[in-house]
Amino acid sequence: MWSMIREAGAGLRRNLSMVISIVLVTFISLTFVGAAILLQMQINQMKNYWYDKAQVAVYLCTGYEQAPLCPDGKVTDEQKTAIEATLKSEELAPLIKEYFFEDEATAYKNFKEQFSGSDVATYVEADQLGQTFWVSLVDPSKSEVIAQAFSDTAGVSSVKDQRTYLDQIFQVLNGASLAAIGVAVLMLLCAVLLISTTIRLSAFARRKELGIMRFVGASNLYIQTPFVLEGIASALFGSLLAGGALVLVVKYFVRDYLVTAMPYVSFIQISDALIVWPVIVGFGVLLAGFSSALAIRRYLRV
Amino acid sequence: MISFSGVTKQYRGTTKPALDNVSLNVDKGEFVFLVGASGSGKSTLLRLALKEEKATVGEIFILGQDVGAISSRKVPFYRRKLGVVFQDFRLLPNKTTYQNVAFALQATGKSRGFIQEAVPDVLKLVGLTGKEARMPHELSGGEQQRVALARAVVNKPAVLLADEPTGNLDPMTSQGIMALLERINAGGTTILMATHDTMIVDRMNKRVVELSAGHIVRDDEHSTYGGI
């Protein structure tokens, strides 16, 4: 075994420039793979966090709506009572975790807070902001039921699921992680080709030795192992670097910068990056082992 | 021990077969010279025996094994039972005498203890005691061939295949190598040796198989290079 490791080491020194390129290519490609995984983790984390908080808003008529919404003008007290009764009805009550009523004054206060410092806050009047029933569902994906229940109800202008806003954000993040995967696939292809070329070169440099090994009856495994080790060692180094880079990105960019810049968003932890590290190292090692074993096969043919 | 029956070998892209319907039997402990002009098929016959090539037609049995039926995964294990030497010695230039011989044992997974016992023994047999630490370029041609022979027989093979082992050596040195081969043969190893060396064949007075254009044209006991 020691002699095999020594042979692999000698091979690595012989093709140093190729080995450096393997290290760099696996480093970059696996960084992209890891980034894609971390983005997915981030998306899931935000989904868990926000979907639970996402509510269905039942907006009541303000009297400012354009036809055909709200033909009766501003919502009346009877209509409000009817709507609340529907929320408490046998059909809807089991689906609803809780609901609360936001009147114009509260809506105005929240609006002022949210847009403080902006011009909008100065010329919006309280009665322009409608009254709203905020409904939290037991299962947030069932918002359709609420929308249907109030589609023809007098006094309701519209029903809006907040998750539709979130889905747009997630689509952007998903697109980013798909792009990362796309780049990763291309770079991984480069890595595989580079590894097989390097191993072929290495085998060519040692073809005399391989010939001697073959006629003294060395088993394929004995001949193959140093080359596979060579490929694995260079990819291992690259993937360790990639894992390290991801941990640093999560630590300095996500935890130190984003968390303070966007305090209301829940971000991935360094522990998530530490989970991804062994995954990409394992992936890199498997890929390198596979491609170098494939590359050396030509020299094992008897 | 070695048996070729109706063996034809045609290399891809050639019209004339390198071996054409060759049948040959070699018994245990025999010493057989394969003679013939370049391109007569001597090397092809040895390559088939080593399973470096596959026969196009015919059957080859060596050491009781159907050579054609050995799967490529089992070939290394088959080759461990054979010893081979070549005209160009094929030593590893960056390894010492000792390491070159030990390499054959390491590559076949022998224990360190076994290697430490077997290598000095075989180096003594070929007369290289004291030159264990020399690199191949520090040895004469004859000494290099002795290293190659030591490597070939360190596994105690029942069959030794030799492809012009004296082709690169002067007559005096060749004689030394032949004496060594005779000693190995006397130990019970069957030897099949392809050669061009008239003097050696004539002096040894062993069985001679002559090939010409892929056919066996002569197979005589106790014969000479040109026949009687």
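Conventions and cut-offs
- Residues numbered from 1 in each chain as written.
- Chains lettered and ligands numbered in written order.
- Predicted model: local features only at pLDDT ≥ 70, side-chain atom pairs only at ≥ 80, totals over all residues.
- Heavy atoms only, no water.
- Core = buried A, V, L, I, M, F, W, Y, C linked by side-chain atoms within 4.5 Å.
- Buried < 20%, exposed > 50% of the residue type's maximum accessible area, 1.4 Å probe, protein only.
- Helix = DSSP H or I, 4+ residues; strand = E, 2+ residues; numbered from the N terminus.
- Contact = heavy atoms within 4.5 Å.
- Domains from an automatic or database assignment.
- Salt bridge = Lys/Arg side-chain N within 4 Å of Asp/Glu carboxyl O.
- Polar contact = N/O pair within 3.5 Å; in protein donor to acceptor, adjacent residues only side chain to side chain.
- Nonpolar A, V, L, I, M, F, W, Y, C, P; charged D, E, K, R; others polar.
- Buried area = accessible area lost by both parts, 1.4 Å probe.
- Pairing = 2+ DSSP bridges.
- Axes fitted to C-alpha atoms, helices over the stretch in contact; angles between N-to-C directions.
- Patch = residues over 30% accessible without salt bridge, like charges linked within 9 Å, V, L, I, M, F, W, Y side chains within 5 Å.
- Areas by Shrake-Rupley, 256 points an atom, 1.4 Å probe, with all protein chains shown as cover.
- Phe/Tyr/Trp six-rings, centres within 6.5 Å; stacked < 30°, edge-to-face > 60°.

**So, the nonpolar core**
Membership of the largest hydrophobic core comes to 57 residues, with the highest contact counts inside it found for Phe4, Leu34, Leu45, Ile62, Leu161 and Leu192 of chain B. It is helix H7 (residues 163–205) of chain A that contributes the most residues to this core, six residues altogether. Ignoring anything within four residues of it in the chain, the contact list for Phe4 of chain B reads Val22, Ser23, Leu24, Leu45, Leu48, Ala49, Glu59 and Ile60 of chain B. Leu128, Ala148, Leu180 and Leu181 of chain B belong to the second-largest nonpolar core, a separate cluster that totals 39 residues.

**Structural notes on the domain arrangement of chain B**
Residues and elements named next belong to chain B. Partitioning chain B into domains gives domain 1 (1–81 + 157–228) and domain 2 (92–152). On the side of domain 2, ten residues touch domain 1, which itself brings twelve residues to the contact. Remark: the boundary between domain 1 and domain 2 carries zero salt bridges. The tally of links from domain 1 across to domain 2 stands at three residue pairs in polar contact (both at pLDDT 80 or more). At seven residues, the largest contribution of residues to the side of domain 1 that touches domain 2 is made by helix H6 (residues 171–186). Split by residue class, the side of domain 1 that touches domain 2 holds eight nonpolar, two polar and two charged.

**Observations concerning the interface of chain A and chain B**
Interface size is commonly expressed as the accessible surface area that is lost when the partners come together. On the side of chain B, 21 residues touch chain A, which itself brings 14 residues to the contact. Counting each side, the surface lost to burial between chain A and chain B is near 1,600 Å², with a carbon and sulfur contribution of 64%. Summed over the shared surface of chain A and chain B, the result is zero salt bridges. Where chain A meets chain B, there are two residue pairs in polar contact (both at pLDDT 80 or more). The element best represented in the side of chain A that touches chain B is helix H8 (residues 207–215) of chain A, accounting for six residues. Class assignment of the residues belonging to the side of chain A that touches chain B gives a composition of seven nonpolar, three polar and four charged.

**Some thoughts on the sheet that holds strand S2 (residues 96–102) of chain A**
Note: strands within a sheet are paired through backbone hydrogen bonds, in either parallel or antiparallel orientation. Residues and elements named next belong to chain A. As summarised here, the arrangement of the four strands in space is S2-S3-S1-S4, forming an open sheet in which the pairing is antiparallel. Edge positions in the open sheet fall to S2 and strand S4 (156–161), since each of these has one partner strand only. This sheet shows a mean twist of 15 degrees between the axes of neighbouring strands, independent of strand direction. As defined by bridge partners, strand S1 (residues 56–60) adjoins strand S3 (residues 132–137) across four bridges and the pair is classed as antiparallel. The residue of S3 that forms the bridge with Ala57 is Trp134.

**Remarks on a nonpolar patch on the surface**
Together, Leu16, Ile20 and Leu24 of chain A make up a nonpolar patch on the protein surface, roughly 280 Å² of accessible area in all. Its place among the elements puts Ile20 of chain A in helix H2 (residues 16–53).

**Some details on the pairing of S3 of chain A**
All names here are of chain A. Taken across its six residues, S3 has six buried, putting it largely inside the fold. Burial along S3 is two-sided: Thr132, Trp134 and Ser136 and Phe133, Val135 and Leu137, pointing in opposite directions, are all buried. Bridge count between S2 and S3: six bridges; the pairing is antiparallel. Across the sheet, residue Tyr99 finds its bridge partner in S3, namely Val135.

**With respect to unusual backbone geometry**
Residue and element names in this part refer to chain B. At Asn21, a residue that is not glycine, the phi angle is positive and equals roughly 50 degrees. With respect to the element layout, Asn21 can be found in strand S2 (residues 19–26). Even without a glycine there, the phi angle at Lys156 is positive, about 50 degrees. Mapped onto the elements, Lys156 comes out in the loop between helix H5 (141–153) and strand S7 (159–163). By relative accessible area, which is 72% here, Lys156 ends up exposed.

**A look at the packing of aromatic side chains**
Centre distance and the angle of the planes are the two values used to describe a pair of aromatic rings. Residues and elements named next belong to chain A. Summed over all chains, the structure comprises six aromatic pairs over all chains. Aromatic pair Phe101 and Phe133: ring centres 5.0 Å apart, planes at 55 degrees, arrangement tilted. With Phe101 in strand S2 and Phe133 in strand S3, this residue pair connects regions lying 32 residues apart in the sequence. The class for Phe101 is partly exposed, based on a relative accessible area of 33%. Joined through ring pairs, the aromatic side chains of Tyr99, Phe101 and Phe133 make up one cluster.

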